[in-house]
Amino acid sequence: MSLNIVVLAKQVPDTRNVGKDAMKADGTINRAALPAIFNPEDLNALEQALRLKDAHPGSTVTLLTMGPGRAAEILREGLFRGADNGYLLTDRAFAGADTLATSYALATAIRKIGTFDIIIGGRQAIDGDTAQVGPQVAEKLGLTQITYTEEIVKVDEASRRIVAKRHIDGGVETVEGPLPIVLTVNGSAAPCRPRNAKLVQKYKRALGAQEKAALKGEGEPLAYADLYEKRPYLNLVEWSVADVEGDLKQCGLSGSPTKVKAIENISFQAKESRTLTGSDQEVEALIVELLANHTIG
Ligand SMILES: Cc1cc2nc3c(=O)[nH]c(=O)nc-3n(C[C@H](O)[C@H](O)[C@H](O)COP(=O)(O)OP(=O)(O)OC[C@H]3O[C@@H](n4cnc5c(N)ncnc54)[C@H](O)[C@@H]3O)c2cc1C
């Protein structure tokens with residue numbers, strides 16, 4: 001049985017080094033100021049998808065990412081590791097989306113993809129950190145969801161059901177659900193396989209329309225321009241709101257009840273550290289203090 005698997009992958013600012021110009025005045029992220037990376041847990045999701053493809057010959061792994069033109073980088077990275085194709089959902093109208101508007105846009109694009117058995121994404125993005133988009137996409141598509149997935153155990157052909165292990169407080173739970181289904185994957189799941197040298201060779205010149213336009217804009221002739229005709233897979237597909245027949249009112253800032261007010265970088269100062277002997281009294285006194293100053297509880 002072959003499976004149609006859609007991987008939700010987000011390009012995120014590398015929030016490990018947020019500088020003072022990280023935020024624009026309107027509370028949205030100044031993406032140009034931060035290096036962009038493949039959201040770590042989405043790489044774990046991609047690995048689970050590729051393992052299913054290995055186990056079910058004929059399956060396809062399709063990447064779906066919503067972001068600015070440079071998010072085409074996410075599609076290339078996925079193709080280098082074994083994905084079959086991908087779509088970049090990109091339109092000014094998607095800008096500033098909160099999780100509700102993001103999941104609306106992704107669900108609308110998934111409907112346009114049409115055939116899907118498994119939609120798999122990371123548990124959480126390292127910038128918004130809400131872990132809301134996966135479950136919201138499932139709700140918008142009316143699908144069962146398995147979150148905090150640690151490992152996909154099997155997909156049963158006859159019953160079209162999936163068995164997965166998920167992390168819960170204090171242990172691991174084995175659950176089962178019907179296809180089509182939405183899964184979110186933890187960072188403690190298997191790491192993603194590295195790039196495949198042959199696939200890097202094959203897709204290294206793959207570009208989205210905005211990337212090509214940007215190159216032309218800089219007066220740079222498109223290298224190997226004829227290749228894009230001969231090898232259609234080098235033309236990464238971009239979808240606008242109109243392409244996915246989206247409702248503008250539910251997209252971007254206008255579709256977002258949540259507005260990010262501000263982001264600030266918090267770094268703990270060394271002077272706050274204290275060495276304890278570990279005696280019960282001392283530990284108890286510390287807990288009372290941390291409760292009193294609302295650091296915990
Ligand atoms: C500091 C900060 C705080 C924020 N707080 C909130 C908030 O409280 N509420 C709110 O509604 N919005 C919030 N946002 C906006 C939120 O980041 C965006 O809506 C974002 O597009 C989705 O939410 P998330 O980053 O939390 O993703 P999560 O819900 O954590 O993402 C889970 C998974 O969904 C998939 N996914 C998410 N975004 C995309 C995408 N663009 N393309 C493809 N797959 C994707 C990925 O697989 C990802 O691993 C915040 C943004 C920032 C920067």
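Here we summarise the structure given alongside this text. (Residues numbered from 1 in each chain as written. Predicted model: local features only at pLDDT ≥ 70, side-chain atom pairs only at ≥ 80, totals over all residues. Heavy atoms only, no water.)

Focus on the sheet that holds strand 4 (residues 60-66)
Stage number 1. One open sheet holds the 10 strands; their spatial order is 9-8-7-10-6-1-4-5-12-11, and the pairing between them is mixed. With one partner strand each, in any of the chains shown, strand 9 (171-178) and strand 11 (207-208) form the two edges of the open sheet.
Stage number 2. Sheet topology places strand 6 (residues 118-122) next to strand 10 (residues 181-185); five bridges connect them, and they run parallel. Among the inter-strand pairings, Ile120 is bridged to a residue of strand 10, identified as Leu183.
Stage number 3. The sheet contacts of helix 1 (residues 40-55) involve strand 1 (4-8), strand 4, strand 6, strand 7 (144-156) and strand 10, and relative to strand 6 the element is tilted by about 150 degrees. (Pairing = 2+ DSSP bridges. Helix = DSSP H or I, 4+ residues; strand = E, 2+ residues; numbered from the N terminus. Contact = heavy atoms within 4.5 Å. Axes fitted to C-alpha atoms, helices over the stretch in contact; angles between N-to-C directions.)

Topic: the nonpolar core
Stage number 1. In terms of nonpolar packing, the biggest core is built from 42 residues, with Ile5, Leu46, Ile118, Ile120, Ile162 and Leu183 touching the most fellow members.
Stage number 2. Other than its neighbours up to four places away in sequence, Ile5 contacts Ala49, Leu52, Lys53, Thr60, Val61, Thr62, Ile118 and Ile120.
Stage number 3. Grouped together as the second largest cluster of nonpolar side chains are 25 residues, Val6, Leu106, Ala107 and Cys251 included. (Core = buried A, V, L, I, M, F, W, Y, C linked by side-chain atoms within 4.5 Å. Buried < 20%, exposed > 50% of the residue type's maximum accessible area, 1.4 Å probe, protein only.)

Here we look at the site of the ligand
Stage number 1. Lining the immediate surroundings of the ligand are 29 residues, of which Lys10, Asp42, Asp98, Ala125 and Thr130 lie closest.
Stage number 2. A distance of 2.8 Å separates an oxygen atom of the ligand from a polar atom in the backbone of Ala131.
Stage number 3. When isolated, the ligand has an accessible area of 920 Å², and the protein chains bury 87% of it.
Stage number 4. Elements with a contribution of two residues or more to the shell around the ligand: strand 4, helix 3 (99-113) and strand 6.
Stage number 5. Grouping the constituent residues of the shell around the ligand by class yields 12 nonpolar, 11 polar and six charged. (Near = heavy atom within 4 Å. Polar contact = N/O pair within 3.5 Å; in protein donor to acceptor, adjacent residues only side chain to side chain. Areas by Shrake-Rupley, 256 points an atom, 1.4 Å probe, with all protein chains shown as cover. Nonpolar A, V, L, I, M, F, W, Y, C, P; charged D, E, K, R; others polar.)

Some details on the pattern of salt bridges
Stage number 1. Counted according to the given criterion, the structure contains 16 salt bridges.
Stage number 2. The shortest N-O distance in the salt bridge between Arg51 and Glu47 comes to 2.8 Å. With a gap of four residues between them, Arg51 and Glu47 both fall in helix 1, about one helical turn apart.
Stage number 3. Classification of Arg51 as partly exposed rests on a relative accessible area of 41%.
Stage number 4. Among the residues examined, Glu47 registers a relative accessible area of 4% and is labelled buried.
Stage number 5. For Arg161, the salt bridge goes to Glu176, with nearest N and O atoms at 2.5 Å. In this pair, Arg161 is assigned in strand 8 (residues 161-168) and Glu176 in strand 9, connecting sequence segments 15 residues apart.
Stage number 6. Arg161 sits in the partly exposed class, given a relative accessible area of 29%. (Salt bridge = Lys/Arg side-chain N within 4 Å of Asp/Glu carboxyl O.)

A short note on the packing of aromatic side chains
Stage number 1. Under the defined criterion, the tally for this structure stands at two aromatic pairs.
Stage number 2. Here Tyr87 and Trp239 contribute two aromatic rings whose centre-to-centre distance is 4.0 Å and whose plane-to-plane angle is 15 degrees, an arrangement assigned as stacked. With Tyr87 in strand 5 (residues 85-89) and Trp239 in strand 12 (residues 235-239), this pair connects stretches of sequence that are 152 residues apart. Grouping residues by exposure puts Tyr87 and Trp239 together as buried.
Stage number 3. The ring of Trp239 has Lys112 sitting right over it, with the charged end atom 5.4 Å from the ring centre.
Stage number 4. The residue whose ring lies beneath Lys202 is Tyr233, and the NZ or CZ to ring-centre distance is 4.8 Å. (Phe/Tyr/Trp six-rings, centres within 6.5 Å; stacked < 30°, edge-to-face > 60°. Lys NZ or Arg CZ within 6 Å of the ring centre and 35° of its normal.)

Here's the deal with the environment of Asp129
Stage number 1. Counting through the fold element by element, Asp129 comes out in the loop between strand 6 and helix 4 (133-141).
Stage number 2. What makes Asp129 partly exposed here is its relative accessible area of 45%.
Stage number 3. At a separation of 2.8 Å, a polar atom in the side chain of Asp129 contacts the side chain of Gln124.

As for the environment of Val283
Stage number 1. For Val283, the location among the structural elements is in helix 8 (residues 280-292).
Stage number 2. Considering only alpha carbons, one finds Val283 and Arg70, 213 residues apart in sequence, at a separation of 50 Å.

Comments concerning unusual backbone geometry
Stage number 1. Here the residue pair Leu179 and Pro180 is connected by a cis peptide bond, since its omega of -10 degrees sits within 30 degrees of zero.
Stage number 2. Checked against the element boundaries, Pro180 lands in the loop between strand 9 and strand 10.
Stage number 3. Its identity as a non-glycine residue notwithstanding, Asp129 has a phi of 60 degrees, on the positive side.

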